[in-house]
Amino acid sequence: PTSFSQKGASPGELSLVVIGGSSALGYPYDPHVSVGRIVGRQLELAQPGRTVEVNNLSLLAKNLEDMHKRLTELQQKPDVLIIYSGHNEFLSRFDTSRMAGYDEAPENILLGRVYQLSLHSPLCVWLYELVGKHRLGGPPGRLNKHQLLDQPMFTPSEYRERVVDFRRRLEAIVSYCDRMKILPILIIPPANESGFEPNRTVLPHPLPPEETQALTARILDLRSRELAEPDECLKAYQGLVDAHPELAEVHFRMGRILERNQRYDQALAHYIKARDLDGFPVRCRTEFAQIYRDVAARHGAILIDGPEVLRTISPRGILDDTLFHDAHHPNLTSHVRMAQE
């Protein structure tokens, strides 16, 4: 909205609006504690006589599109808008048991290359999305069908559509703030790196059944020997990712061994790869974090790099169970640290 039914904040009052998912809401401490509420309270303490009204529009399991639409509900022009979204871009759209398969790209090599190029076209991505919405699905899969080497949860065009849409909406929201003289504060959502395994390990192309079984058995065998033979397992894991760089589970296992050996920088690199290669992501990927950086730089907006902020209170520089309750919900210490930033 460009006009509002309620008057703006009175002198000495500040209106602070927050949009995002459960992390922005303050789960599991909501509604009493969240980054927005801590910031509002501390502003009041820092400036006696000032009142800060915090309006948290965040909702559980909602994505940036949902929050973009929620801004239509604004009755009063905010002074500050905190944007803290990015974990739910896939979780909120796809069923957890969904298996997209590998059949979207043409088998012909030349056509396959044309298809890969088409993923950079917003028009083509929109057409793929339109076709996907109206395509009849097959019978539902059996429960507990997922294996260590799994099928992708979304097609390449569906993933690209999510990235394009996220960039477009974040740009639109921050541009709106510029027009309306609202101060935007962007928070890159942090997530648990070493305390949460990837949900799905997916290869870009299916292997023959016998190769899949052999690779699965190899990974399970190495996993069982990690504590007794860490150096041998690390070397074997390296050979696996040299052949198949997309093995999210193997990157995670390498991170575990390297962390135990106090090689923290190398461990972190593998944890981040495991997160970004997760075939069913419930944590903000690096590509989405970069969108935050790009938009903030273009508009001169305040950017809070959540992962890097929390590294300052992690002894090893790795985000783990000491900072999160699960995959991405910060504990009280983490909420306070980001609010301080």
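Check the entry above for the structure.
Bear in mind that the values here come from a model prediction, so they are computed numbers and not experimental data.

What counts and how
Residues numbered from 1 in each chain as written. Predicted model: local features only at pLDDT ≥ 70, side-chain atom pairs only at ≥ 80, totals over all residues. Heavy atoms only, no water. Pairing = 2+ DSSP bridges. Helix = DSSP H or I, 4+ residues; strand = E, 2+ residues; numbered from the N terminus. Axes fitted to C-alpha atoms, helices over the stretch in contact; angles between N-to-C directions. Contact = heavy atoms within 4.5 Å. Core = buried A, V, L, I, M, F, W, Y, C linked by side-chain atoms within 4.5 Å. Buried < 20%, exposed > 50% of the residue type's maximum accessible area, 1.4 Å probe, protein only. Expected span 1.5 Å × (residues − 1). Arc of directions from axis to C-beta.

The strands making up a sheet are joined through hydrogen bonds of the backbone, oriented either antiparallel or parallel. Pairing within the open sheet is parallel, and its five strands lie in the order S2-S1-S3-S5-S7. The open sheet has two edge strands with one neighbour each: strand S2 (51-56) and strand S7 (302-305). This sheet shows a mean twist of 20° between the axes of neighbouring strands, independent of strand direction. Pairing geometry for strand S3 (residues 80-84) and strand S5 (residues 183-188), over four bridges, is parallel. If you follow Ile 83 over to S5, its bridge partner there is Leu 186. Contacting S3, S5 and S7, helix H11 (residues 286-299) crosses the sheet at an angle of about 155° to S5.

Before going further, it helps to examine the nonpolar core. Ranked by internal contacts, the top residues of the largest apolar core, which has 36 residues, are Ile 19, Leu 81, Ile 83, Leu 170 and Leu 186. Residue contributions to this core peak at nine residues, all from helix H6 (residues 156-180). Discounting residues that sit within four places of it in the chain, Leu 81 has contacts with Val 17, Ile 19, Leu 71, Ile 173, Cys 177, Ile 182, Leu 183, Pro 184 and Ile 185. Listed in part, the 23 residues of the second largest apolar core include Leu 203, Leu 234, Ile 257 and Leu 258.

Before going further, it helps to spend a moment on helix H8 (residues 230-243). With 14 residues, H8 should reach 20 Å at 1.5 Å per residue; the first-to-last C-alpha distance of 20 Å fits that figure. When we look at burial in H8, the residues that qualify are Cys 233, Leu 234, Ala 236, Tyr 237, Leu 240 and Val 241. Projected down its long axis, H8 shows its buried positions confined to an angular sector of 165°, all on one face. For H8, exposure combined with an orientation more than 90 degrees from the buried face picks out Asp 231, Glu 232, Lys 235, Asp 242 and Ala 243.

The analysis is restricted to geometry; functional conclusions fall outside its scope.
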